Amino acid sequence: MTTGTRSGWLSLVAILVALMGLYLLGAGAWLVALGGSWYYVVAGLVLLGVAWLLWRRRRSALWLYAALVLGTLAWALWEAGLDWWPLAARGDVLFVVGLLLVSAWIARRLGDDDGSRRWWPARAALAVSLALFFVVGVVSWFSHPHRIDGTAARAGEAAAAQAHSDVPPGEWHEYGRTGAGRRYSPLSQITPDNVSRLEVAWHFETGDLRGQEGDPPETTFEVTPLKIGDRLFLCTPHQHVIALDATTGKRIWEYDPKIRDALALQHLTCRGLSYYDGKARADVVAGNQEVRRSSKVDLPIAANGPVVEHCDAKLFMPTADGRIIAIDPATGSVCSDFGGGTGQIDLWANMPNVNPGGYYSTSPVVVARGLIVVGGTVLDNVSTHETSGVIRAFDANTGALVWNFDSGNPDETAPIAPDKVYTPNSPNSWSIASVDPELGLVYLPMGNAPPDQYGARRSAAEERFSSSVVALDLATGKLRWVFQTVHHDLWDYDVPAQPSLVDLEVGGETVPALVQPTKQGDVYVLDRRSGKSLLPVVEKPAPQGAALDDHTAATQPSSALSFAPKPLEGSDMWGATMFDQLGCRIAFRRMRYEGLYTPPSTQGTLVYPGNFGVLNWGGVAVDPVRELMFATPAYLAFVSTLVPRKNDHELYVQPGGRPPEGNLPALNENFGAPFAVKLEPFLSVLGIPCQRPPWGYVAAADLRTGEVLWRRKNGTVRDRAPIPLPFRMGVPDLGGPIVTASGVAFLSGTIDYYVRGYDVATGEQLWRARLPAGGQATPMTYLGKDGRQYLVVVAGGHGSLGTKAGDSVIAYALPAG
């Protein structure tokens, strides 16, 4: 290579450094004007100086660049400490450019004003600064500033007493195994010592994949199968019900309810089935034996398929067109003795604002004392004229309505008159409920009256029940107590998870408790008899200044047991490089943000945690023996921007201003409200979170004291990054964990495609297995006919998360023999 060519390349390097400096200087000045860090202005000026010196072929460019590297290292340590990912974002580009400058190819081209070519001292100085940066990076790689190290009781140290359950130890009869919703199994064959030996026992593919014509974007495979006798029972996103041999995974029967055109418009999923043992009928409160039907929805007159005249046992399947179908577990036939000979209940009966596909139960119904209790999902952020969030109880034998709890009219729980309708737009219960048959109470997590971000027109009843957990009398539907987790919710912080019921030792006595996870990260531990808190709950002042004629609550509750994150600061902004990190810092400063519960605004409000939730519908797993909770907190910020609506005839937030394809609803338009809303994750221009990782953990907490016992980063970006990175950054998950008596927890919901096993005592990852698709569901475990303990994982992906679609049901077990 000629001298001229080399000089040409040196000039190109100088131009590159100058461009870097210009960007940092200009954007950095903008950040300073917004009240942010001065570092980028200073770094930009220094880089321009380096570029000028390189252009002049002066070796002092290396001295100045070395000073920049050392200054950046000091600044990065001051802002981020020994936290590798934030350090990398601040120094990666400078380090790479420094390696280029320190190379002999560049350094030997540089001289000084006197013509001297003694380039090696400057090169050595730059090399030392880069080496120091590298050493700090290595040290930070092995540091764990976000980890909490501790130890929970191990299996041998835990009390021997087991909570009473009517479910056989080797079975799984409800979504959370029992109506208590603990996601705890008393099985102990798989232990921390042998879990690493788990292998695939069988793999079943349902044939039901998302992406079919008419599917909404949020089409998901979230089912947790039931295990009853020697069979597994599960449902698919498109509503097929399948029975498998629990030991071999072979299909026994499959039922297709023949959903018509009223497919779900927003959330297409089936989280699970419900099981009723008719031989154990007890204490059924007789209701009006009329089985009702809506005349406004074109549903099948009777459930599709073969029928049996009488079913002692039943599986209840909620369908996307608004029905509950009773199915014979033995044959897969419809139970004609249910629903007045039709085998089904029409959930659209007595509903206002009928919109086929706009309402159904995405979660399994509660079954207890001869009743089924049903909530449902309504369209989110479409309009102020949605259907009712009523909760209803039906006779499990006949399908007759027994009571109804309408949160818009909570005092009238007797079956509604045939010619009346429930309250429109009232808060609903879309997640999984729990039940205590001995206390005669059913516990329901509640959502909001739509829209989520504007509440000026909510009624007193809607204000009372939004974002709360309610306890209803199982026999009558009468309200026993209500505990609100967010006052005047404007952030979509509806209560997303099934309450977990557990008995705790408090003050020397056994207290029946309820553990309620929330999206904002607080976990409330309540006396489930009264709703009184067992761990301290305080009201904290909240940011004020809602839009237009709306208001915000003066205070918000905060639990002593909490995974709520600290408020974000400019130093928490992140990126793949210092450039997109700077962009995130500017975006952060331009938004309204005063911490948790900053109200939505037309300026754009940073909502942290976002409505994805620290904890979501997967809930937590509760070990009733160790009296601890295994949780999977996730942390993602969202941006909520209110868009003023001039009328209800225009679209304000739809891409391109065009209506969605087919009959899908115009989400976030909020017809009837003064604002539409733009909701989006807080991402950099490269499409990665603007806040620094970790974004997801596994953690355990003592339910008696509220102490977080340990916390560890969980998951990788292997399946989301352009280059498969195996590093454990800590990523979000959707789908719940389970725990076993032997002290092993399992989780499959992370955005990388793995199922993992953990030591409950320490949080250490003990095992993982690759999945063929996203595992956004809650696993379950049981005993097979061969005496082996099986772990079952569903891998079907999640539309909203963008994980790979699939149709797999996979069972793992220890090697036979």
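Refer to the structure presented above.
Rules behind the numbers
Residues numbered from 1 in each chain as written. Predicted model: local features only at pLDDT ≥ 70, side-chain atom pairs only at ≥ 80, totals over all residues. Heavy atoms only, no water. Pairing = 2+ DSSP bridges. Helix = DSSP H or I, 4+ residues; strand = E, 2+ residues; numbered from the N terminus. Axes fitted to C-alpha atoms, helices over the stretch in contact; angles between N-to-C directions. Expected span 1.5 Å × (residues − 1). Bend = angle between axes of the 7 residues up to and from the residue. Disulfide = S-S within 2.5 Å. Buried < 20%, exposed > 50% of the residue type's maximum accessible area, 1.4 Å probe, protein only. Phe/Tyr/Trp six-rings, centres within 6.5 Å; stacked < 30°, edge-to-face > 60°. Lys NZ or Arg CZ within 6 Å of the ring centre and 35° of its normal.

Colleague: How should I be thinking about the sheet that holds strand β25 (residues 500–506) in this particular structure?
Modeller: Judged by pairing direction, the sheet is antiparallel, and its three strands sit side by side in the order β25-β26-β27 without closing on themselves. Of all strands in the sheet, those with a lone pairing partner are β25 and β27 (523–527), marking the two edges. Mean inter-strand twist for the sheet, computed between neighbouring axes without regard to direction, equals 40°. Where strand β26 (residues 509–517) meets β27, five bridges bridge the pair, whose relative direction is antiparallel. Residue A513 lies in a different strand from β27, and its bridge partner there is D527.

Colleague: Help me understand helix α4 (residues 84–102), please; the structure alone is not making it clear to me.
Modeller: Because each turn of an α-helix spans 3.6 residues, side chains separated by three or four positions in sequence point in the same direction. End to end, α4 covers just 24 Å across 19 residues, shorter than the expected 27 Å (1.5 Å per residue, more than 12% under). Residue G91 marks the point of greatest curvature in α4, where the axis turns by about 50°.

Colleague: Please explain the state of the cysteines as it appears in this structure.
Modeller: Should the sulfur atoms of two cysteines be covalently bonded, the bond is a disulfide. Applying the stated criterion across every chain, the model contains three disulfides. Covalent S-S linkage joins C235 and C270, the inter-sulfur distance amounting to 2.0 Å. Disulfide C235-C270: torsion about the S-S bond near -85°, hence left-handed. Taken together, the residues C235 in strand β5 (residues 231–235) and C270 in the loop between β8 (267–268) and β9 (274–277) connect sequence positions 35 residues apart. This pair shows no difference in class: C235 is buried, exactly as C270 is. Two residues, C311 and C335, share a disulfide whose sulfurs are 2.1 Å apart. Linking C311 and C335, the disulfide has an S-S dihedral of approximately -100° and is accordingly described as left-handed. In this pair, C311 sits in the loop between β10 (307–308) and β11 (313–319) while C335 sits in strand β13 (residues 334–335), placing the two residues 24 residues apart along the sequence.

Colleague: Can you help me understand helix α2 (residues 39–55) in this one?
Modeller: Spanning 17 residues, α2 covers 24 Å between terminal C-alpha atoms, matching the ideal 24 Å at 1.5 Å per step. For α2, every residue scored as buried is listed here: Y39, Y40, V41, A43, G44, V46, L47, V50, A51, L53 and L54. Just past α2, the residue R57 takes up positive phi, approximately 65°.

Colleague: Got a minute to help me understand the sheet that holds strand β33 (residues 638–644) in this structure?
Modeller: With antiparallel pairing, three strands are arranged side by side in an open sheet as β30-β33-β34. Only two strands of the sheet have a single neighbouring strand rather than two, namely β30 (605–607) and β34 (675–681). Put simply, the sheet's adjacent strands are angled 30° from each other on average, direction ignored.

Colleague: In this structure, what is going on with the packing of aromatic side chains? I would like to understand it.
Modeller: The geometry of two aromatic rings is summed up by the distance between their centres and the angle between their planes. The tally for this structure, following the rule as stated, stands at 29 aromatic pairs. A centroid spacing of 6.5 Å and a plane angle of 80° characterise the contact between W85 and W574, whose relative ring orientation is edge-to-face. Of this pair, W85 sits in helix α4 while W574 sits in the loop between β29 (555–559) and α8 (578–590); the two residues are 489 residues apart in sequence, bridging distant segments of the chain. The interplanar angle of 65° and the centroid separation of 5.8 Å between the aromatic rings of F630 and W710 together place this pair among those described as edge-to-face. Taken together, the residues F630 in strand β32 (residues 628–631) and W710 in strand β36 (residues 708–713) connect sequence positions 80 residues apart. Each member of the pair, F630 as well as W710, is classed as buried. Here R90 stacks its cationic end above the ring of W75, 5.3 Å away from the centre of that ring. Note that R271 overlies the ring of W617, its terminal NZ or CZ placed 5.1 Å from the centroid.

Purely spatial values, then, with no claim about function.
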